[in-house]
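Examining the three-dimensional arrangement
Given next are the chains, with one letter for each unit.
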Amino acid sequence: MFVAYVIVGIVLALLLTFSGRTKLARDERIVEGLTGIGVPLSWFPFLAASEFAGAIGLVVGFWWAPIGIAAAIGVILYFVGAVAAHLRKRDLKGLPPAVLLLLVAIAALILRAASA
């Protein structure tokens, strides 16, 4: 189970890092998609920092299980919020990436908790 967590944790950490970087760089597609569902530009640094913190926590969780579990829970909550924001605005186009990352975060939590 631990090896599976490491693989899922690395993949999720990379995806979170990429996502956070696109928010900080104000990638045109990301800005358009998020502002379209009501996320103000002023939130982008906080959202990026949250993703970076989740990525770091997942990696630290390789050595210290409670941090990995806490990070996975935080990432789950982050993407529950993302899914809710897309559903609230009926943005079905932007929903699949948020749902996919939510499911990967749930997998990370289950795998880390099972291998603790």
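Being a predicted model, the structure only gives us computed values, none of them experimental. (Residues numbered from 1 in each chain as written. Predicted model: local features only at pLDDT ≥ 70, side-chain atom pairs only at ≥ 80, totals over all residues. Heavy atoms only, no water.)

A cluster of nonpolar side chains, namely Phe2, Val3, Ile7, Val11 and Leu15, defines an oily patch on the protein surface of about 430 Å² accessible area. Tracing the chain through its elements places leucine 15 in helix 1 (residues 2-24). Its relative accessible area of 37% is what places leucine 15 among the partly exposed residues. (Patch = residues over 30% accessible without salt bridge, like charges linked within 9 Å, V, L, I, M, F, W, Y side chains within 5 Å. Areas by Shrake-Rupley, 256 points an atom, 1.4 Å probe, with all protein chains shown as cover. Salt bridge = Lys/Arg side-chain N within 4 Å of Asp/Glu carboxyl O. Helix = DSSP H or I, 4+ residues; strand = E, 2+ residues; numbered from the N terminus. Buried < 20%, exposed > 50% of the residue type's maximum accessible area, 1.4 Å probe, protein only.)

Now for the packing of aromatic side chains. In the structure shown here, the tally under the stated rule is three aromatic pairs. Pairwise contacts between aromatic rings join Tyr5, Phe62 and Trp63 into one cluster. (Phe/Tyr/Trp six-rings, centres within 6.5 Å; stacked < 30°, edge-to-face > 60°.)

This part covers the nonpolar core. One finds Leu12, Leu16, Leu58 and Phe79 to be the most contacted residues of the largest nonpolar core, which totals 30 residues. Mapped by element, the contributors of at least two residues to this core are helix 1, helix 2 (28-36), helix 3 (44-60), helix 4 (65-88) and helix 5 (95-115). Aside from chain neighbours lying at most four places away, what touches leucine 12 is Leu58, Val75, Leu101, Val104, Ala105 and Ala108. (Core = buried A, V, L, I, M, F, W, Y, C linked by side-chain atoms within 4.5 Å. Contact = heavy atoms within 4.5 Å.)

A few words now on the pattern of salt bridges. Evaluated as defined, the whole model comprises one salt bridge. Glutamate 51 is paired through a salt bridge with lysine 23; the nearest N and O atoms lie 3.3 Å apart. Taken together, the residues span a long stretch of sequence, with glutamate 51 in helix 3 and lysine 23 in helix 1 at a distance of 28 residues. Each member of the pair, glutamate 51 as well as lysine 23, carries the same accessibility label: buried.

Our next topic: the environment of leucine 102. Inspection of the secondary structure puts leucine 102 in helix 5. Between the C-alpha atom of leucine 102 and that of leucine 58, which follows or precedes it by 44 residues, the distance is 14 Å. For leucine 102, the residues in contact, after removing those within four places along its chain, are Ile76, Phe79, Val80 and Val83.

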